[in-house]
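If you want the building blocks of each chain, they are given just below.
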Amino acid sequence: LDGFHASQTPVANQIPVLDANAKLPAVDGSQLTNVPLPKVYMVSGTDVLNDSTISSRVALTASNSAGQKAYITFMGDTHTYNNQVFVNIQVDGVTKATSTVRASDHGDHYMICAQWVESPSAGTHTYSVTSSGGFNNWSGNTWSLVVTII
């Protein structure tokens, strides 16, 4: 390293020194290349969902490269249902995760969430949510399906 000097405030031709917390000092990152940014895909709504309509309403396609991961999250909030609800996250028609909620109809809000992480093969995939067992006219609700590819 002849000709180079270490510095806690790096300038050209100097090696940065870690601070007392073993962290690099702030540097300009404008010349960084090949830093992957996540791609986020989302579909959401406030419409009434039920066992027969959820799979056509809560679906999206997302593309990824080899080696990337897909983080899939479905969340919903409702006022009215009184059965056990099964929500399934599917990737290309195959169920990957199931979430269940059991509640009574006493007027409160109920939250349902299902999550899944996987490393899909390179290409375009269909991410969807299906349901069975009491998802009848899930009204007064908001819902979203988010797929983040990193």
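Chains are numbered independently. Their residues run from 1 in the order of the written sequence. Under the rules for a predicted model, residues below a pLDDT of 70 receive no local features and side-chain atom pairs below 80 are neither given nor counted, while totals for whole chains, interfaces and linings still include all residues. The basis for the side-chain values is all heavy atoms of the structure; hydrogens and waters are excluded.

Caption draft 1: Seen up close, the overall build of the protein. Here a strand is any run of E in DSSP of at least two residues, a helix any run of H or I of at least four, and the numbering for each starts at the N terminus. When helices and strands are tallied, the protein shows 1 helix and 10 strands. In this scheme, a residue with accessible area under 20% of its type's maximum is buried, one over 50% is exposed, and one in between is partly exposed, where area comes from a 1.4 Å probe on protein chains only. Counting over 150 residues, the protein shows a buried share of 34%. Throughout, a contact is declared for two residues whenever any of their heavy atoms are within 4.5 Å. Considering only residue pairs separated by 6 or more positions, the protein has 72% of its internal contacts joining residues 24 or more positions apart. Working note: accessible area of the protein is about 9,000 Å², and carbon and sulfur atoms make up 53% of it. The Shrake-Rupley method, run with a 1.4 Å probe sphere, supplies the accessible areas, and residue values consider only the shown protein chains as cover.

Caption draft 2: Just the confidence of the model for the protein, in detail. Looking at the protein, the pLDDT average stands at 78 and 69% of residues meet or exceed 70. Values of pLDDT, which run from 0 to 100, indicate the predictor's confidence residue by residue. Across the protein, element-level confidence peaks in strand S4 (residues 59-64) with a mean pLDDT of 92 and bottoms out in strand S1 (residues 5-7) with 62.

Caption draft 3: Up close: the pattern of salt bridges. Each salt bridge in this description consists of a side-chain nitrogen of Lys or Arg and a carboxyl oxygen of Asp or Glu lying within 4 Å of one another. One pass over the structure, following the stated rule, counts 1 salt bridge. Among the ionic pairs, glutamate 118 bridges to lysine 96, the shortest N-O distance being 3.4 Å. Residue glutamate 118 is found in strand S8 (residues 110-118), and its partner lysine 96 is found in strand S7 (residues 94-101); the two are separated by 22 residues along the sequence. A relative accessible area of 29% means that lysine 96 is categorised as partly exposed.

Caption draft 4: Structural context of unusual backbone geometry. A positive phi angle is found at alanine 22, which is not glycine, with a value near 60 degrees. Mapping alanine 22 onto the fold places it in the loop between strand S2 (14-16) and strand S3 (39-45). Here the phi dihedral of aspartate 92 falls at roughly 50 degrees; this positive angle occurs in a residue that is not glycine. Aspartate 92 gets classed as partly exposed once you look at its relative accessible area, which sits at 42%.

Caption draft 5: Examining the environment of serine 55 more closely. Mapped onto the secondary structure, serine 55 falls in helix H1 (residues 54-57). Overall, serine 55 belongs to the partly exposed group, its relative accessible area being 35%. The spacing of serine 55 and valine 129 is 74 residues in sequence and 5.4 Å in space, taken between C-alpha atoms. Other than its neighbours up to four places away in sequence, serine 55 contacts Val129 and Thr130.

Caption draft 6: Region of the structure containing the nonpolar core. Throughout, nonpolar core names a set of buried Ala, Val, Leu, Ile, Met, Phe, Trp, Tyr and Cys residues whose side chains join them through atoms within 4.5 Å. Of all hydrophobic cores here, the largest spans 20 residues; its most connected members are Ile72, Phe74, Tyr127, Leu145 and Val147. Of all the secondary-structure elements, those providing two or more residues to this core are S4, strand S5 (70-78), strand S6 (85-91), S8, strand S9 (123-132) and strand S10 (142-149). With 4 residues, the top contributor of residues to this core is S10. The residues contacting leucine 145, other than those within four sequence positions of it, are Tyr41, Met42, Val43, Val58, Ala59, Leu60, Ile72, Thr73, Phe74, Tyr127, Ser128 and Val129.

Caption draft 7: Main features of a nonpolar patch on the surface. Together, Tyr71, Val117 and Ile150 make up a nonpolar patch on the protein surface, roughly 260 Å² of accessible area in all. With respect to the element layout, valine 117 can be found in strand S8. A residue counts toward a patch only above 30% relative accessible area and without a salt bridge, and it is joined to like-charged neighbours within 9 Å or, for Val, Leu, Ile, Met, Phe, Trp and Tyr, to nonpolar neighbours within 5 Å.

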